[in-house]
Amino acid sequence: PDRADIMVAGSVGLVHVLMRMTPEDQFDRLPLRGAGGAVIVADLRLDNRDDVLARLGVAAADAMAWPDSRVALAAWGKFGNEVWPTLRGPFAVAIWDPKSRRLTLARDHLGLNVVMWHRTKQLFAFATMPKGLFALPEVSRELNEEKMADFLVLNHSDHATTVYRGIFRVPPAHFATVEADGSMAQSRYWSLAEIPPIRLASDEEYAQGLRAVLDKAVRRQMRSAHPIGCYLSGGLDSSSVAAFAARALAEKGGRLAAFTQVPRKGFDGPVPRGRYADETPYVEAIRTALGNVDVTYVRNDECDDFADLERVFLALEGPLRNPTNLGWMMAIARLARAQGRRVLLGGAMGNFTISWFAWSQTVEHLLHGRFMTAYRQCRMFYRKSSNSRFTTFRKLIVEPLVPDRIGRWAHRQRHKYRVPFSSHAAIRHEYAAEMGVEARARDIGHDLLCRTRRGERLAGPTNIDYLGDWYAAEKAIHGVETRDPTADIDVVAYCFGVPPEQYLAEDIDRSLIRRAMWGLLPEAVLSNRLVGLQSADWYEKLGSRRDTLAAEIAELASSPLACRAIDLERLDRAIKSWPVGDWNKSKVVEEYHLALTRGVAGGRFLRWIEAANRQGSRAAGNNDE
C-alpha cells in the first residue's frame, strides 16, 4: 500500500510492492540495482542489520538511510550465497544478476517469509504469494487435490508443494538458482541438525544464557516504524516475550499494549484435564508484576469465527486449519490497528524452543546407555501426568522404538478406527485413499497418529508448511505484522544447542524457561503446570450457530469438489446428534471442535476455489473477445 515499482529489462521483469514496517523502509526503492549491476527485490526484515553492516565494514551511522534490502544486496555482492545463514529475521529475497543471467531466490531459516515459483518452457515466475503469480495469464488457479487432502488430515510436512498445481515453494533454509535456460537447482544452507552443542558449567549458567539471548531477540524485533503491542497469555512463551518487551519500553518511559483472548464473562464450563479456560488471573498477575503493561481483553463470544473466512481465502489463497481461533485473532488484529499498533510480538514457536516439553528425549537416553536418566524422566512423566505406568512406558519408550507398521496396527486395535485420521478429519475415506494420503505421509516421514517419535524435535520449528503464507495474509488483511522472538535463529540455536536434560532439570518440566524467567515473571505463572485452552467456550458458540452450520453444510452439497473431498454425511450427522454434555471428552472434542469446524471451513474453501475459477474463466472469455 505504500509504494509500488516495476523494472523491465528485455525478457526480465521485476515487481515490488511495499508495506513500510521498519524506520528504514521509508528509504526502500525496490527493485534496486547495486554497484555490481545485480538487482534485488525482497520482502525482508534484517534483525541483525548492524552485524551485517559490520561485516561489510560500514558503520551503522553511515547506513541510516539504507533499507534492509540494500544491506542484503551489498552482503550478497561481497559474500555470495554464503550470506544467507548469517542473516537474522524473516526474508524472501530475489536477486537477478544480468552478467551471469542468473536468478537467485532465498528464503529464511524457518520459512517465516515465502518465495513461490512457477515454471513453463517459456516462463519462470516467482512471487511471495499465489496472487502475484495468478496475475499472470500463463498461471492458472488449478487445485492440487493431493495437497488439499494432506491439509485436511493435517499433514503439513511437505514445504515444496502448495495447494495449487504447478506452484511450488522454495523450502525454508534454502536458496535456489535459476539459469537463463530455465534450469533450476536448490541448495540447503542451514539445518537444525548442524547446530553445535553448547556446554556451560552449571544449570544457572544455562538459564542465564537463555535469558540473555531471548532479551536480545525481543529488543531487535522491536525495531518498528509503528507502535508495537504483544499477544499475551498466562503461559510461559508470550509472557516471557512480553516481560522483556515491557522492560525495554520501561527504560524509555514507555508502556506495552497487550492483547489477551478470554472466554465469555462468567464461563465455567468443562475443559479437558490439564487445561484451564480463562487467562485473566495469570495475565493480571503478569500485568501487576511488570507494572507498565496495558491489557485489552478480547472475549471469544463476541467474535464470529466464520464471518471472515472468504476474506482470509482471498488474502491467503489457501484453506484455514483452525477456524475456531479465527474470530479472536482477527479481532485482536483489528483492535491493534485501531490503536495504531502495527507490530504484535508473540511466542508461537516457543513450544519448540524456549519451553520445549522434552519428553521425546527419554528413549535416546535409554539407547545411549544412560539408564538412570531415562528412568528418572519416565518417573517424572508418570508423576506429573495423568498417565498410568504402562501408558508412560508405552508413550516414552515403546512407541518411539516399534516399527511404524506395527505401531499403526497397535494404535488401530486400541482405538478401533478405520484410518489414522478418522477421529479429527472430516475427509471422505474414499477420497483420502484416491489421493494416497497415507502413503505420502509415510514417504515424507509424517506420523498421522501424532505419536512421540525419535528425532521429532528437528521437524518441530518447520512442522507447518503454510506458516509463512499465513503471516503474509494476516499482514495483508489488517496491516499488522506478527513477530516471534522465540523463532529468532540465535534463540533457536541456543535452545537446540544446550543439553536436552536442561528442559527437565531439577525435576521440573519446561525447566529451562522457568529458571530463566525467575524474578521477571510472577511465581503463579512460573509454577503453573496447566496449559491454557484457546477458545475454551467454543462449544457454546458452535451451539448458537447450529442452524447456520446446518444450512452451510446443505450448501456444500452443491459443490462438486466439496462432495468429493468432505464427508458431508458425517457433518450432517454431527449436527443432528448434538451432544448435551461431555464437551471436554476427547471424542466429542474431536468430532465437533475439530472434524465439524474444519470440515465446514475446508468445504467453504473448495466452494471459493470453484467460484474464483468460474470468475477467472469469464474474465478470460471477455479478454478473448
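Residues numbered from 1 in each chain as written. Predicted model: local features only at pLDDT ≥ 70, side-chain atom pairs only at ≥ 80, totals over all residues. Heavy atoms only, no water.

**Q** How do you make sense of the overall build of the protein chain when you look at a structure like this?
**A** Tallying secondary structure elements over the protein chain gives 24 helices and 18 strands in all. Compactness check: the protein chain gives a C-alpha radius of gyration of 25 Å against a globular reference of 25 Å for 625 residues, within 12% of the reference. Projecting the C-alpha coordinates of the protein chain onto the three principal axes gives extents of approximately 70 × 65 × 50 Å. A total of 625 residues make up the protein chain; the buried ones form 56% of that total. Summed over all atoms, the accessible surface of the protein chain reaches about 27200 Å², with 52% contributed by carbon and sulfur. (Helix = DSSP H or I, 4+ residues; strand = E, 2+ residues; numbered from the N terminus. Rg over C-alpha atoms; globule rule 2.2 N^0.38 Å. Buried < 20%, exposed > 50% of the residue type's maximum accessible area, 1.4 Å probe, protein only. Areas by Shrake-Rupley, 256 points an atom, 1.4 Å probe, with all protein chains shown as cover.)

**Q** What is the right way to look at the environment of Ser191 in this model?
**A** You can see Ser191 is positioned in the loop between strand S11 (184-188) and helix H5 (203-221). On the accessibility criterion, Ser191 (14% relative accessible area) is buried. Counting along the chain gives 99 residues from Ser191 to Leu290, while the straight-line C-alpha distance between them is 36 Å. A distance of 3.1 Å separates a polar side-chain atom of Ser191 from the backbone nitrogen of Ala193. (Polar contact = N/O pair within 3.5 Å; in protein donor to acceptor, adjacent residues only side chain to side chain.)

**Q** What is the right way to read helix H9 (residues 326-338) from this model?
**A** In an α-helix, one turn spans 3.6 residues; hence positions three or four apart end up facing the same way. Counted at 1.5 Å a residue, the expected span for H9 with its 13 residues is 18 Å, and the 18 Å between its end C-alpha atoms agrees. Regarding H9, the residues found buried are Leu326, Gly327, Trp328, Met330, Ala331, Ile332, Ala333 and Ala336. Looking at the buried side of H9, the elements it contacts are strand S12 (228-231), strand S13 (256-262), strand S15 (293-299), helix H8 (309-316), strand S16 (343-345) and helix H16 (467-478). Positive backbone phi, at 80°, marks Gly340, one or two positions downstream of H9. (Expected span 1.5 Å × (residues − 1). Contact = heavy atoms within 4.5 Å.)

**Q** Which parts of the structure should I look at to understand the sheet that holds strand S4 (residues 39-44)?
**A** In sheet architecture, strand pairing relies on hydrogen bonds along the backbone and comes in two forms, parallel and antiparallel. Judged by pairing direction, the sheet is antiparallel, and its six strands sit side by side in the order S3-S4-S5-S6-S10-S11 without closing on themselves. At either end of the open sheet lies a strand with only one pairing partner, and these are strand S3 (32-33) and S11. Direction of pairing for strand S10 (residues 174-178) relative to S11: antiparallel, over a ladder of five bridges. Its bridge partner being in S11, His174 is matched across the sheet by Arg188. (Pairing = 2+ DSSP bridges.)

**Q** Honestly, a nonpolar patch on the surface in this entry has me stumped. Any pointers?
**A** On the surface, Ile6, Val8, Val15 and Val17 cluster together to form a nonpolar patch covering roughly 440 Å² of accessible area. Elements with a contribution of two residues or more to the nonpolar patch: strand S1 (3-9) and strand S2 (12-18). The topology assignment puts Ile6 in strand S1. Judged by its relative accessible area of 64%, Ile6 is exposed. (Patch = residues over 30% accessible without salt bridge, like charges linked within 9 Å, V, L, I, M, F, W, Y side chains within 5 Å. Salt bridge = Lys/Arg side-chain N within 4 Å of Asp/Glu carboxyl O.)

**Q** Any chance you could explain a negative patch on the surface here in plain terms?
**A** On the surface, Asp203, Glu204, Glu205 and Glu506 cluster together into a patch of negative charge. Relative to the elements of secondary structure, Asp203 occurs in helix H5. (Lys, Arg positive; Asp, Glu negative; His and termini not counted. Charge placed at Lys NZ, Arg CZ, Asp CG, Glu CD.)

**Q** What is the right way to look at the pairing of S1 in this model?
**A** Regular strands place their side chains on alternate faces of the sheet. Here seven bridges tie S1 to S2, and the two strands are oriented antiparallel to one another. If you follow Met7 over to S2, its bridge partner there is Leu14. Remark: two residues form the turn of the hairpin made by S1 and S2, two consecutive strands paired antiparallel; Gly10 in that turn has positive phi of roughly 65°.

**Q** Can you walk me through the packing of helix H1 (residues 49-56) against helix H2 (residues 68-79) in this structure?
**A** Two numbers describe how H1 lies on H2: the axes approach to 10 Å, and their chain directions differ by 40°. Classified by the interaxial angle, the pair formed by H1 and H2 is oblique. Note that H1 runs across H2; the crossing there is left-handed. Contact residues: Arg49, Val52, Leu53, Arg55 and Leu56 in H1; Asp68, Val71, Ala74, Ala75, Lys78 and Phe79 in H2. Of the residues that constitute the contact of H1 with H2, the class distribution is seven nonpolar, no polar and four charged. (Axes fitted to C-alpha atoms, helices over the stretch in contact; angles between N-to-C directions. Parallel < 35°, antiparallel > 145°, perpendicular 65-115°, else oblique. Left-handed = near helix turned anticlockwise from the far one by under 90°. Nonpolar A, V, L, I, M, F, W, Y, C, P; charged D, E, K, R; others polar.)

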